[in-house]
Amino acid sequence: MPRHPVDEENPVTDNRETELLARVPDGLYIGGQWRPASGGRTLTVSDPATGAVVKTIADASADDGTAALDAATEAFPAWAATPARERAEILRRAFDLLQERKEDFALLMTIEMGKPLAEARGEVAYGGEFLRWFSEETARVHGRYGPNPEGTGRMIVSQHPVGPCFLITPWNFPLAMATRKIAPALAAGCTVVIKPAELTPLTTLYFAKLLEDAGLPAGVVNVFTTSTSGAVSEPIIRDPRLRKLSFTGSTGVGQRLLEQAAQGVLRTSMELGGNAPFVVFEDADLDKAVDGAMLAKFRNIGQACTAANRFIVQRSVADEFARRVTERVQAMKIGRGTEDGVAIGPLINAAAVDKAASLVGDAVSRGASVRTGGSAVDGPGTFYEPTVVTDVQPGSDILREEIFGPVLAIVPFEGEEDAVRIANDTEYGLVSYVFTESLSRGQRMIERLETGMMGLNVGVVSNAAAPFGGWKMSGLGREGGAEGIHEYLQTKYTLTASPFA
């Protein structure tokens, strides 16, 4: 496989990168002001493709987190009372500004997270759609009015913003996860405190500056970055002024946050782990299936909760499917995401490389075969070869754990019942993918696969207009779609005396 180019003497090689990083704020954004962390604490952000530090930013303490919640609480009454059309116009201006600055955001994500620049541009387009979609949903918060069954009064059902919200985003989609949470909160009339991941905080800081430029009032969105997430987040979650918690990340962390949120009976949205099955039946169009597999597996270097984790392929076509995907994978270029033609950037850190290597090693020890790849790439940077593993045996760790790397693991099946059993044999239920040319089989899979989302003959399902979320241990609530804004609204029922009494 082509190896990534290395420039150890000048890891940030483009003057545009240096200029862009200089424009990214390095402070906390609290109450409409950029400020240092209390005590002057700082943390560093590195480029995973080189290991080089690219920026030093504020490292918030628990006091800083409380100050952010203070600002959100103070701003909430005025923002909740702001007419829906005004809130919508601010979100729309934010969308327009994002289109103007799309190249900046794409490059920034490639620098701090490592994804190829073409994919980063795709994330800008996807993340921007949440701003546009929820700007349109802002004016569509509906209630109802009508007589009660007894005819003695009139029922009014109205929707109201839940209050200050705490949003915790992951490192793998720095822009889209921020817009997917911030946009519906603002549309509903809520104020927010957002904590981006320590590994990729720069995109959120730059986005906060964009919101400021779009005219968002002070205190409506507050951002803090920290290296001590638990210590700073827990006091916010336990504060009685907070009314909503939204988290995207691992199931284990989500469970701990739910325990903390229980004290205040917070509204919660949890988008947690995944173990997506990708089922290929013998009647599938293999060209479509292979195209879908490349998207479902290698998008974002496999570092996505929606990434296909287990390729469950009918035995009669398993060898041919493996041959075709292997041919495609062997042609993928590895390198820093800013380089032309790069398809596989670095994994986020060394631990991610070690995990991919461990999962592949376990599968091979149980009888699987590596068709291509299967090794870490010499540094600098945290790269792992795109890999195809076939004949994965039951009980292998790679079938139970979320890979979060560029490893395509194939397990054969005999018939439809076998496929359903293997696909559902997991505690997770975020998304599934099915390739079949049979309409009736496709309908059966919709009914039988235990996932909150499904792609039928497609390899990507995410869309701002659709409800994103999972079943079982993959989470609670939905983000996006008409359902997304309701996660930030609470219902009030009022009974009035009949006007005819």
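Refer to the structure presented above.
Everything in this summary refers to the structure shown in the same document. (Residues numbered from 1 in each chain as written. Predicted model: local features only at pLDDT ≥ 70, side-chain atom pairs only at ≥ 80, totals over all residues. Heavy atoms only, no water.)

Our next topic: the overall build of the protein. Counting its regular elements, the protein contains 15 helices and 26 strands. Relative to a compact globule of 501 residues, whose C-alpha radius of gyration would be 23 Å, the protein shows 24 Å and is just as compact. Summarising its shape, the C-alpha atoms of the protein cover approximately 75 × 65 × 40 Å along the three principal directions. Put simply, the protein has 501 residues, and 57% of those count as buried. Across the protein, the fraction of contacts at a sequence separation of at least 24, relative to all contacts at a separation of at least 6, is 74%. When the accessible surface of the protein is summed, it comes to about 19200 Å², and 51% of that surface belongs to carbon and sulfur atoms. Measuring between centres, the 49 positive side-chain charges of the protein sit 5 Å from its 63 negative side-chain charges. (Helix = DSSP H or I, 4+ residues; strand = E, 2+ residues; numbered from the N terminus. Rg over C-alpha atoms; globule rule 2.2 N^0.38 Å. Buried < 20%, exposed > 50% of the residue type's maximum accessible area, 1.4 Å probe, protein only. Contact = heavy atoms within 4.5 Å. Areas by Shrake-Rupley, 256 points an atom, 1.4 Å probe, with all protein chains shown as cover. Lys, Arg positive; Asp, Glu negative; His and termini not counted. Charge placed at Lys NZ, Arg CZ, Asp CG, Glu CD.)

Here the focus is helix H2 (residues 62–81). For H2, which comprises 20 residues, the first-to-last C-alpha distance of 30 Å matches the rise-based estimate of 28 Å (1.5 Å per residue) to within 8%. The axis of H2 is deflected most strongly, by about 40°, at Ala 75, and proline Pro 77 appears within four residues downstream. All buried positions along H2 are accounted for by Asp 64, Gly 65, Ala 67, Ala 68, Leu 69, Ala 71, Ala 72, Ala 75, Phe 76 and Trp 79. (Expected span 1.5 Å × (residues − 1). Bend = angle between axes of the 7 residues up to and from the residue.)

Applying the stated criterion across every chain, the model contains 37 salt bridges. Across the pair Glu 414 and Arg 315 runs a salt bridge, and its minimum N-O distance is 2.6 Å. Remark: Arg 315 occurs in helix H11 (residues 315–330) and Glu 414 occurs in the loop between strand S20 (407–413) and helix H13 (416–424); sequence separation between them is 99 residues. Arg 315 sits in the partly exposed class, given a relative accessible area of 46%. The partner of Arg 366 in a salt bridge is Asp 362, and the shortest N-O contact between them spans 3.1 Å. Arg 366 gets classed as partly exposed once you look at its relative accessible area, which sits at 40%. The exposure class of Asp 362 is buried, given its relative accessible area of 14%. Here the salt bridges share partners, and the residues they tie into one network are Asp 283, Glu 416, Glu 417, Arg 441, Arg 444 and Arg 448. (Salt bridge = Lys/Arg side-chain N within 4 Å of Asp/Glu carboxyl O.)

Right, let's get into the side chain of Asp 47. Inspection of the secondary structure puts Asp 47 in the loop between strand S3 (42–46) and strand S4 (53–58). Exposure remark for Asp 47: the relative accessible area of 1% places this residue in the buried category. Setting aside chain neighbours within four positions, we find Asp 47 in contact with Ala 52, Val 54, Ile 111 and Arg 336.

Taking strand neighbours across the sheet as the criterion, the three strands line up as S5-S6-S26 in an open arrangement whose pairing is antiparallel. Edge positions in the sheet fall to strand S5 (144–147) and strand S26 (489–497), since each has one partner strand and no second. Adjacent strand axes in the sheet meet at a mean angle of 20° when their direction is disregarded. Relative to S26, strand S6 (residues 153–161) is paired through nine bridges, and the arrangement is antiparallel. Within S26, the position partnered with Gln 159 by the bridge is Thr 491. (Pairing = 2+ DSSP bridges. Axes fitted to C-alpha atoms, helices over the stretch in contact; angles between N-to-C directions.)

Bringing unusual backbone geometry into the picture now. Backbone torsion omega between Gly 379 and Pro 380 reads 10°, so that peptide bond is classified as cis. Position of Pro 380 among the secondary structure elements: in the loop between strand S17 (376–377) and strand S18 (383–384). With phi around 60°, Asn 300 is a residue other than glycine that occupies positive phi space. By secondary structure assignment, the location of Asn 300 is in the loop between helix H10 (286–298) and strand S13 (308–314). The exposure class of Asn 300 is buried, given its relative accessible area of 0%. A positive phi angle, close to 65°, is found at Ile 301, a residue other than glycine. Overall, the relative accessible area of 0% leaves Ile 301 in the buried class.

Positionally, Ala 88 belongs in helix H3 (residues 84–100). Setting aside residues no more than four positions away along its own chain, Ala 88 makes contact with Ser 135 and Thr 138.

What follows covers the environment of Ala 218. Counting through the fold element by element, Ala 218 comes out in the loop between helix H7 (202–213) and strand S9 (221–223). Separated by 143 residues in sequence, Ala 218 and Ala 75 place their C-alpha atoms 7.3 Å apart. In this view, Ala 218 contacts Gly 31, Gly 32 and Ala 75; residues no more than four positions away in its chain are not counted.

Let us look at the packing of aromatic side chains. Enumeration according to the criterion identifies 10 aromatic pairs in this entry. Note on Tyr 126 and Phe 130: the rings are 5.1 Å apart at their centroids and 70° apart in plane angle, and the pair reads as edge-to-face. Note that Tyr 126 and Phe 130 are positioned in helix H5 (residues 117–137) at a spacing of four residues, about one turn of the helix. There is no split in this pair, since Tyr 126 and Phe 130 are both buried. Taken together, Phe 278, Phe 311, Phe 321, Tyr 433 and Phe 435 form an aromatic cluster joined through their ring pairs. One Lys or Arg, Arg 180, reaches over the ring of Phe 468 and ends 4.0 Å from the middle of that ring. In this structure, Arg 441 packs its charged tip against the face of Phe 281, placed 4.4 Å from the ring centre. (Phe/Tyr/Trp six-rings, centres within 6.5 Å; stacked < 30°, edge-to-face > 60°. Lys NZ or Arg CZ within 6 Å of the ring centre and 35° of its normal.)

These figures capture arrangement, not role.
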